[in-house]
Amino acid sequence: MKGPLAPGGEWVIEKAGAGAARIAVARVPNSGDVTYEIVNFVDGVRTVSDIRNAVSAEFEPIAVTAVAEYLDVLAKAAR
């Protein structure tokens, strides 16, 4: 990924659409840190559940659906 990855950030909204600002992970405390770590755990081997578990262990529990939704937004932004 190239660009600032904060949910609701200008780059993400520009690339993925205005709906990106309303994703669930944007409402998580320290969402910038959380989204940064989500991307750090993406390696082509870990599942969304694996990534969710790792991020939840570092911060606080986060829904797997929120992680999946954020990864979907990034995939749209990358196109």
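Procedures and definitions
- Residues numbered from 1 in each chain as written.
- Predicted model: local features only at pLDDT ≥ 70, side-chain atom pairs only at ≥ 80, totals over all residues.
- Heavy atoms only, no water.
- Core = buried A, V, L, I, M, F, W, Y, C linked by side-chain atoms within 4.5 Å.
- Buried < 20%, exposed > 50% of the residue type's maximum accessible area, 1.4 Å probe, protein only.
- Helix = DSSP H or I, 4+ residues; strand = E, 2+ residues; numbered from the N terminus.
- Contact = heavy atoms within 4.5 Å.
- Axes fitted to C-alpha atoms, helices over the stretch in contact; angles between N-to-C directions.
- Parallel < 35°, antiparallel > 145°, perpendicular 65-115°, else oblique.
- Left-handed = near helix turned anticlockwise from the far one by under 90°.
- Nonpolar A, V, L, I, M, F, W, Y, C, P; charged D, E, K, R; others polar.
- pLDDT = per-residue confidence, 0-100.

On to the nonpolar core. Grouped together as the largest cluster of nonpolar side chains are 17 residues, with contacts concentrated most on Val-25, Val-34, Ile-38, Ile-51, Val-55 and Ile-62. Going through the elements one at a time, α2 (31–41), α3 (48–58) and α4 (64–78) are the ones with two or more residues in this core. By residue number, the principal contributor to this core is α4, which donates six residues. Residues within four places of Ile-38 in sequence aside, it is in contact with Val-25, Ile-51, Val-55, Val-67, Tyr-70 and Leu-71.

Glancing now at the packing of α3 against α4. The contact between α3 and α4 brings their axes to 9 Å, and the two run at 115 degrees. If you check the angle between α3 and α4, you find them roughly perpendicular. For the pair α3 and α4, the sense of crossing is right-handed. Note on element contacts: α4 touches α3 through Val-64, Val-67, Ala-68 and Leu-71, opposite Val-48, Ser-49, Ile-51 and Arg-52. Looking at the contact of α3 with α4 residue by residue, the classes come out as six nonpolar, one polar and one charged.

The next thing to look at is the packing of α2 against α4. Following both chains from N to C, one finds α2 and α4 inclined at 75 degrees, their axes separated by 11 Å at the closest point. Viewed along their axes, α2 and α4 adopt a mutual orientation that is roughly perpendicular. Contacts between α2 and α4 involve Thr-35, Ile-38 and Val-39 on the former and, on the latter, Val-67, Tyr-70, Leu-71 and Leu-74. Of the residues assigned to the contact of α2 with α4, the class counts are six nonpolar, one polar and no charged.

For the rest of this paragraph, the subject is the confidence of the model for the protein chain. Across the protein chain, the average pLDDT comes to 83, with 84% of residues at or above 70. Averaged over each element, pLDDT in the protein chain is lowest for helix α1 (residues 10–16) (71) and highest for α3 (97).

What follows covers the environment of Gly-19. Relative to the assigned elements, Gly-19 resides in the loop between α1 and α2. Residue classification places Gly-19 among the partly exposed residues on the basis of a relative accessible area of 37%. In this structure, the C-alpha to C-alpha distance between Gly-19 and Val-73, residues 54 residues apart in sequence, is 8.9 Å.

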